[in-house]
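Structural features, examined
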Amino acid sequence: DIQMTQSPSSLSASAGDRVTITCRAGQTIFNYLTWYQQKPGKAPKLLIYEASSLQGGVPSRFSGSGSGTDFTLTISSLQPEDFATYYCQQSYTAPWTFGQGTKVEIK
Amino acid sequence: EVQLVESGGGLVRPGGSLRLSCAASGFTFSNYWMHWVRQPPGKGLLWVSRINAVGSTTDYADSVKGRFTISRDNAKNTLYLQMNSLRAEDTAVYYCARVKVLTGTTFEFWGQGTLVTVSS
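First, a word on what this report is: a plain description of the structure on this page. (Residues numbered from 1 in each chain as written. Chains lettered and ligands numbered in written order. Predicted model: local features only at pLDDT ≥ 70, side-chain atom pairs only at ≥ 80, totals over all residues. Heavy atoms only, no water.)

1. Comments concerning the overall build of chain B
Rules: Runs of E in the DSSP output that reach at least two residues are strands. Runs of H or I that reach at least four are helices, and both are numbered from the N terminus. The globule rule used for comparison is 2.2 Å times the number of residues to the exponent 0.38, while the radius of gyration itself is calculated over C-alpha atoms. Any two residues whose heavy atoms approach within 4.5 Å at even a single point are treated as in contact. Note on areas: these come from Shrake-Rupley sampling with a 1.4 Å probe, and a residue is covered only by the protein chains present in the view.
Of regular secondary structure, chain B possesses zero helices and 11 strands. Secondary structure of chain B in N-to-C order comes out as β-β-β-β-β-β-β-β-β-β-β. In summary, chain B has a C-alpha radius of gyration of 13 Å against a globular reference of 14 Å for 120 residues, a match within 12%. In chain B, the share of contacts with a sequence separation of at least 24, taken over all contacts with a separation of at least 6, comes to 54%. Total accessible area on chain B stands at roughly 5,300 Å², and carbon and sulfur atoms take up 48% of it.

Shown next as structure tokens:
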């Protein structure tokens, strides 16, 4: 199984801050990397697919980059509605595995 | 509008069985591979199983292989997960998910989830 490791596990930030979350795959997954946002009690929401493609309807302050084993999710200017947990997922091969999550909290 | 609505969760004793359903609408269900993903309370996301568009190909996580069976009824636009020999570690919210492209593995749409609790 491909292990996905996110860092940090949690962070505190203020509205307007630039936030960066990293995800490392245990082996190359090319650009088969997806980012999701999950709020408490809700289903995950697709943000970024194929490492850097923005899902329709997702604000442009979200961006993704990387390839191979190292990937980044960036929120350019954190908004109040962005406080949530973020997960990366490799969509390269079965079993499809997720990172452990990064909880973005209000500072 | 794409909608996925899970049902069938509940409290079951260890060793028991449960069948989850996921009713799909707003898209041509029979064109898409479908997945189940679960989330234990307070923990992260875990992929469980997938099925191809016509129901002839299935895959499972090692943790559920031999105990869970995924199936679909394209005439009823419904996805199923039959769960047997349930264990405490199967306790989780179970989500059905539709892929972004017909055979892809990016989960574009998710249901609201149904909670399965395995406890004596």
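2. Things to note about the layout of surface pockets
What counts, and what does not: The way it works is a 1 Å grid over only the protein atoms, where trapped points that fit a 1.4 Å probe form a cavity and open points with protein on both sides within 12 Å along at least five of seven lines form a pocket, and then any residue with an atom within 4 Å of a point lines it. Grid points are joined across faces, edges and corners, and a volume is the space filled by probe spheres set on the points. Residue polarity is assigned by list, with Asp, Glu, Lys and Arg as charged and Ala, Val, Leu, Ile, Met, Phe, Trp, Tyr, Cys and Pro as nonpolar; anything else, Gly included, falls into the polar class.
Approximately 490 Å³ is the volume found for the largest pocket. The wall of the largest pocket is formed by 26 residues, among which Q38(A), P40(A), T85(A), Y87(A) and Q39(B) lie closest to the centre. Going through the elements one at a time, β9 (85–90) and β10 (102–106) of chain A together with β9 (92–99) of chain B are the ones with two or more residues in the lining of the largest pocket. Considered class by class, the residues forming the lining of the largest pocket number 10 nonpolar, 11 polar and five charged. Approximately 310 Å³ is the volume found for the second largest pocket. Around the second largest pocket, the lining comprises 16 residues; the ones closest to its centre are P44(A), K45(A), E108(B), F109(B) and W110(B). Among the elements of the structure, β5 (45–49) of chain A together with β1 (3–7) and β10 (107–110) of chain B are those that each provide at least two residues to the lining of the second largest pocket. In terms of residues, the lining of the second largest pocket owes the most to one element, β10(B), which gives three residues. In terms of residue class, the lining of the second largest pocket is made up of eight nonpolar, five polar and three charged.

3. With respect to the pattern of salt bridges
Just so we agree on the cut-off: By definition here, a salt bridge exists when the distance from a side-chain nitrogen of Lys or Arg to a carboxyl oxygen of Asp or Glu is within 4 Å. Here's how the labels work: a residue is buried when its accessible area is under 20% of the maximum for its type, exposed when over 50%, partly exposed in between, all with a 1.4 Å probe on protein chains only.
What the rule picks out here adds up to 10 salt bridges over all chains. The partner of D70(A) in a salt bridge is R24(A), and the shortest N-O contact between them spans 2.5 Å. Placement of the pair is D70(A) in strand β8 (residues 70–75) and R24(A) in strand β3 (residues 19–25), with a sequence separation of 46 residues. With its nearest N and O atoms 2.7 Å apart, the salt bridge here joins D90(B) to R67(B). You can see D90(B) sitting in the loop between β8 (78–83) and β9 and its partner R67(B) sitting in the loop between β6 (58–60) and β7 (68–73), a full 23 residues away along the chain. Each member of the pair, D90(B) as well as R67(B), is classed as buried. Through salt bridges with shared partners, a single network forms among R61(A), E81(A) and D82(A).

4. A word on the interface of chain B and chain A
The following threshold applies: Simply put, the buried area is the total loss of 1.4 Å probe accessible area from both parts when two parts are fitted together. Counted as a polar contact is a pair of N or O atoms within 3.5 Å, where, for protein atoms, one must be capable of donating a hydrogen and the other of accepting one, and residues adjacent in sequence contribute only when both atoms are in side chains.
Listed per partner, the contact involves 17 residues of chain B and 15 residues of chain A. With both chains or domains summed, chain B and chain A bury close to 1,500 Å², and 62% of this area falls on carbon and sulfur atoms. Contact with chain A buries surface across chain B, with L45(B), W47(B) and T105(B) losing the most and accounting together for 35% of the total. At the boundary of chain B with chain A, the tally comes to zero salt bridges. Inspection of the chain B/chain A interface yields 11 residue pairs in polar contact (both at pLDDT 80 or more).

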